[in-house]
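Survey of secondary and tertiary structure
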Amino acid sequence: MRDEDMNERRIGVRDELRKRIVKGPDGIEFEVDPISDYYCDARPEVRPGAYAGIVESLFNWARSESLWILGFGTGCGAIEMRPLMTPRFDAYRYGIQWRPTPRQANLFVVSGYLSVKTLKRVIRSYEQMQNPKYVVGLGSCTINGGMYWDSYNTIKKLDQYLPVDVYIAGCMPRPEALLAGFEELKRIIRAGKAEGANLYAENFDWYKANQKRVIHDWDMPDYNW
Amino acid sequence: MTFDWMKIPYALLTLIIVVNYGLLLTALVQKIAARAGRRHGIPIWQNYIDLVKNYALRTSISHGVMYYLGPVFRLTGGVGLLLFVPSLYGSEMFSNLSFAGDLILALYFVFFGTLGMALGAGESGHPYSAIGVSRGLSQVTAAELPLALAVFSVALQYQTLSVTDIVAAQQGGITNWTLFTNPLAVTAAMFSFLGSMMRPPFDVVLAPQEIPIGPPTEYHSSYLALMQTNRALFPVAKMVIYMNLFFGGATSWPIFFLKIFLIYMVSALVGVVFPRFRVEQSIRWFLVWAVPVGVLAILVV
């Protein structure tokens, strides 16, 4: 086995992601390299806001009043999201809606502890969202590991892997705390300080180094759109 | 034959009025549906904010030419449908670009956006898009049959293919409406209407919580904003056809707004009461209940 193959084996690239020669139904052979064919791995760039300040203020106001949530139900926190959709708390009143796909969402709610395996999915989902995008860390687990602080398999500070805008402390925080957190996020967005996506692009190497330190089976491009 | 160029700005004015009305109407219907679930629901102006937000996103990525054209085709379907039928009967300003054979063109435009969307969503390469598209096309095809039959029935009844003439024939009292002169055709068309409004029980195409959101899974930022504009515009444009063909048309904007709202409420009320059909169930439902009524409508006429 060649050295490169050994290397790939070591970092655990799955078989279906390997570069290979495929024979098409018409008998023509062609090369398939899933990692570069299926993903765009261009580095993220810092995107400045609109040139005119007043326009950017309008946009920020619109962004704050139209938070589309991608809920990542990793732990018990996911349970606290459901009451927000139902009559008792009804977060739709505040312009907060749930979208099922990362492409359309602009607020990523990481609800609870992240195992290393889940972190990988979280990073991929986050990178598929469009700039500007915001991250809310829900519960103590995202702040310092919470009750999982000495676990061998969970990360402790979410902030080291993704730029977090607002933490909502608690184990678990009640839906009222979530609403308060979203209101705080709205204030930050309106003030023009929620530039997490640009922060991620600026400190891309630092974030990637942190991510790769814990994720050992890195079988995706460095940045996948 | 001379063309009155003033028609174009007038038609654009109609477009602006209808887009704004559609944005408010869809939010209102969402609020009503939320009330049925004992919620307050979104603010009435939420659709505008969502639009601004989506246009203001700083990045967007494309999956190719058809992906780019999908929302454009979709919006073209909505705009075309609206522009080629008269929105107000007897009004020089708001009869738009209607002409003698516009009924056939309208039928074509109803389907046009769906096809464009199918091509665009197909190129995005997301498996959920493909599932949504296959479900959508089969369901829309089944739902389109009774509508086509009803439209032929109405065309036979009035011996014309011009929407303006059909509205003219219904003037002079509520009993002149097609609703009362040809109830079978209206029943068949209303069954089809339920199927094309993307509300339960026929919302398996988008099916939130199941195949995340179906065809538009990969769409975002301004692509999505175009489609949202169409989501506001297209139902109203479609209901303008229904209003003109079956419910006597409208002679002023207040009547127009009221009739459109009431027609929309038919699908909204059915939607909050009934759970979702699977695709094969909905197709069977259309073939068993709606198509025979349509055939009967043609036979009776």
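The rules we used
Residues numbered from 1 in each chain as written. Chains lettered and ligands numbered in written order. Predicted model: local features only at pLDDT ≥ 70, side-chain atom pairs only at ≥ 80, totals over all residues. Helix = DSSP H or I, 4+ residues; strand = E, 2+ residues; numbered from the N terminus. Rg over C-alpha atoms; globule rule 2.2 N^0.38 Å. Buried ≥ 20, exposed ≤ 12 C-beta atoms within 10 Å, placed from the backbone. Contact = placed C-beta atoms within 7 Å. Axes fitted to C-alpha atoms, helices over the stretch in contact; angles between N-to-C directions. Parallel < 35°, antiparallel > 145°, perpendicular 65-115°, else oblique. Left-handed = near helix turned anticlockwise from the far one by under 90°. Nonpolar A, V, L, I, M, F, W, Y, C, P; charged D, E, K, R; others polar. Domains from an automatic or database assignment. Expected span 1.5 Å × (residues − 1). pLDDT = per-residue confidence, 0-100.

With that settled, the discussion passes to the overall build of chain B. Counting its secondary structure elements, chain B contains 11 helices and 0 strands. Starting at the N terminus and ending at the C terminus, chain B contains elements arranged as α-α-α-α-α-α-α-α-α-α-α. Relative to the 2.2 N^0.38 estimate, which gives 19 Å for 301 residues, the radius of gyration of chain B is 19 Å and therefore close to what a compact globule would have. If one aligns the C-alpha atoms of chain B with their principal axes, the spans along those axes are about 55 × 45 × 40 Å. In chain B, buried positions account for 50% of the 301 residues. Taking the contacts inside chain B whose residues are at least 6 apart along the sequence as the reference set, 79% of them involve residues at least 24 apart.

A word on the packing of helix 1 (residues 7–36) of chain B against helix 3 (residues 65–83) of chain B. Residues and elements named next belong to chain B. The contact between helix 1 and helix 3 brings their axes to 10 Å, and the two run at 120°. One element, helix 1, and the other, helix 3, form an angle in the oblique class. When you trace helix 1 past helix 3, the crossing you get is right-handed. Across the interface between the two elements, Ala-11, Thr-14, Leu-15 and Val-18 of helix 1 pack against Val-79, Leu-82 and Leu-83 of helix 3. In terms of residue class, the contact of helix 1 with helix 3 is built from 6 nonpolar, 1 polar and no charged.

Okay, the domain arrangement of chain A next. Split by domain assignment, chain A resolves into domain 1 (3–38) and domain 2 (53–214). Each of domain 1 of chain A and domain 2 of chain A was reduced to a C-alpha centroid, and the two centroids are 35 Å apart.

In this section: helix 1 of chain B. Residues and elements named next belong to chain B. Taking 1.5 Å per residue, 30 residues should reach 44 Å; helix 1 reaches 42 Å between its end C-alpha atoms and fits that length. For helix 1, the full list of buried residues reads Ala-11, Thr-14, Val-18, Gly-22, Leu-23, Leu-25, Thr-26, Ala-27 and Val-29. Where helix 1 is buried, its residues touch helix 2 (46–55), helix 3, helix 9 (221–246) and helix 10 (253–273). Arg-38, located one to two residues past helix 1, shows a positive phi value of around 60°.

Here we take up the confidence of the model for chain B. Low-confidence regions, as indicated by low pLDDT, have predicted coordinates that should not be scrutinised in detail. Residue and element names in this part refer to chain B. Taken over all residues, the pLDDT of chain B has a mean of 86, while the share at 70 or more is 98%. Ranking the elements of chain B by mean pLDDT puts helix 4 (residues 102–124) last, at 82, and helix 2 first, at 92. Across the interfaces of the predicted complex, the ipTM metric reaches 0.84, alongside a pTM of 0.86.

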